[in-house]
Amino acid sequence: MTIHTALQQGRRLLEDGGIAAPRLTAEVLLAHALQRERVYLYSHPEEELGRIGWIHFGRYLHERLQGKPTQYITGVQEFYGREFRVRPGVFIPRPETEHLIETALRLAPRAERILDAACGSGAIAVTLSLEMKQAVWATDLSDDALAATRENAVRLGAAVHLVRADFAEPFASNSLDLLVSNPPYIPEHEKEGLPREVRDYEPHLALFGGVEGLDPYRALIAQARRLLRPGGRAVFEIGYQQAEAVRSLFEGWCDVEIVADLAGLPRVATARMG
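Attention in this report is confined to the structure presented alongside it. Everything numeric here is computed off the predicted structure, so don't read it as measured data.

1. Focus on the pattern of salt bridges
Oppositely charged side chains may form a pair once their charged atoms are brought near each other.
Part 1: Following the criterion strictly, the structure yields 20 salt bridges and no others.
Part 2: When the shortest N-O distance is used, the salt bridge between E131 and R82 registers 2.8 Å. Placement of the pair is E131 in helix α7 (residues 123-132) and R82 in strand β2 (residues 82-85), with a sequence separation of 49 residues.
Part 3: You can call E131 partly exposed: its relative accessible area is 33%.
Part 4: With a shortest N-O distance of 3.1 Å, R199 and D200 are connected by a salt bridge.
Part 5: On the basis of relative accessible area, D200 is assigned to the partly exposed category, the value being 49%.
Part 6: Where salt bridges share partners, they join R23, E27 and R38 into one cluster.

Below, the structure is given as structure tokens:
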């Protein structure tokens, strides 16, 4: 079987299985099976796949058809131009979270004391550390998440200090210039409506934020009032239906702003400590 034939068969299997972006997914999985870049598939279409390559490709296709996210199969996800390692038990970084990075860089470019609460894979903490050339603190309650953040920080050369904690709870008053977070914000009643890749595979600790999805924001904003220095910034990712609810939680803050993503949907809430 040639690479070209394998790609076509993989695409059809994924298409018939209702998998989104079947062609791209087939390319990513075959490249991973062969330990090659995707461009190799199109520069060597007539190359024989080989028994080992076909076995690996077949296993990856089966896992994807069962609902396992592609990122958990390949072990990687790109974020802000860098490759992050991900694993089962760790939330997969999303492209829309890059809006949080851009907002933080725009509004707090000279922040020195920075905390990423609920760090997951470390995508936010590592990226801010590298972009701002600062050490960043990161917290999470998940040991898997802390291990993933540590691995990504070491591999990418970022200065990230880790604490196992519930958001920003253990930090001292008036100790931060910037508090960022992509907290769990999906309302519990939306669980059954989620894609199975999310519902059945990603950690629920990183997904669900109580009945309304607002519990983490209540905790974070209360902690931010205590922790941020005058002029300090809070920057949080939000669900697209939560803009006004989160805005109301920032009552009494300065420069409250809701930032939209490329689709025009509310994606980031930010405010400044007066």
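2. Some remarks on the sheet that holds strand β9 (residues 266-272)
Part 1: Spatial ordering of the open sheet is given by β5-β4-β3-β6-β7-β9-β8, a layout of seven strands whose pairing is mixed. One side of each edge strand has no neighbouring strand; the edge strands of this open sheet are β5 (160-164) and β8 (254-260). Each strand axis lies, on average, 15° off the axis of its neighbour in the sheet, ignoring direction.
Part 2: Where strand β3 (residues 114-117) meets strand β4 (residues 136-140), four bridges bridge the pair, whose relative direction is parallel. Counted as the bridge partner of D116 is A138 from β4.
Part 3: Strands in contact with helix α8 (residues 143-156) are β4 and β5; relative to β5, the strand with the most contacts, it is inclined by about 170°.

The rules behind these values
Residues numbered from 1 in each chain as written. Predicted model: local features only at pLDDT ≥ 70, side-chain atom pairs only at ≥ 80, totals over all residues. Heavy atoms only, no water. Salt bridge = Lys/Arg side-chain N within 4 Å of Asp/Glu carboxyl O. Helix = DSSP H or I, 4+ residues; strand = E, 2+ residues; numbered from the N terminus. Buried < 20%, exposed > 50% of the residue type's maximum accessible area, 1.4 Å probe, protein only. Pairing = 2+ DSSP bridges. Axes fitted to C-alpha atoms, helices over the stretch in contact; angles between N-to-C directions. Contact = heavy atoms within 4.5 Å.

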